[in-house]
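The residues making up each chain are set out below.
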Amino acid sequence: HMIIHITRGYSDNVKDHFNKPRNVGSFDKNEKNVGTSIVGKASCGDVIKLQLKIEGDVIKDARFMAFGCGSAIASSSYATELIKGKTIDEALKIKNNDIASHLSLPPVKIHCSLLAEDAIKHAIKNYREKVIT
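Residues numbered from 1 in each chain as written. Predicted model: local features only at pLDDT ≥ 70, side-chain atom pairs only at ≥ 80, totals over all residues. Heavy atoms only, no water.

- Under an unreviewed UniProt entry, the chain has the name NIF system FeS cluster assembly NifU N-terminal domain-containing protein and belongs to Piliocolobus tephrosceles.
- For the chain, the Pathway (unreviewed entry) comment in UniProt is given as "Cofactor biosynthesis; iron-sulfur cluster biosynthesis." (UniProt positions renumbered as here; feature names shortened; annotations may be inferred.)

## Some remarks on the sheet that holds strand S3 (residues 58–67)
- Across the sheet, which stays open at both edges, the 3 strands sit in the order S1-S2-S3 with antiparallel pairing between neighbours. Every other strand in the sheet has two partners, leaving strand S1 (34–41) and S3 as the edge strands with one partner each. With strand direction ignored, the average angle separating the axes of adjacent strands in the sheet is 15°.
- Two elements, strand S2 (residues 46–55) and S3, share 9 bridges in a ladder whose sense is antiparallel. Within the sheet, the bridge partner assigned to Ile 54 lies in S3 and is Ile 59.
- Of the strands in this sheet, S2 and S3 touch helix H3 (residues 70–83), which is tilted by about 175° from S3.
- Contacts between helix H6 (residues 110–132) and the sheet are confined to S1 and S2, with S1 contributing the most and set at about 145° to the helix. (Pairing = 2+ DSSP bridges. Helix = DSSP H or I, 4+ residues; strand = E, 2+ residues; numbered from the N terminus. Axes fitted to C-alpha atoms, helices over the stretch in contact; angles between N-to-C directions. Contact = heavy atoms within 4.5 Å.)

Printed below as a string of structure tokens:
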């Protein structure tokens, strides 16, 4: 009964990613080719950890862990699907609108897609900082 209550009012795509999140987990953050980001505020209730495994210029794999509402989990899960196989530059062009429109997020949940966009950008930034040094 609890799942039905939690997901009431969410789109089918949100429910799908909430009930069967893709790419949950983590990589070793010390690996040279892994970019890690943690975005959000625990005080707001939504925190996303995103990790990208990058080879050459291509995002080969992605993992996330999210603490928050169904929209935060769905946004993170969909973002990992969206970026796998893309180049770094392609991934940086992904906007929160791409995520929000696919998931049909209501205006009150748009911040969840913004967090996912921020997570992508910060994970790439972390990767680039590691590669340069």
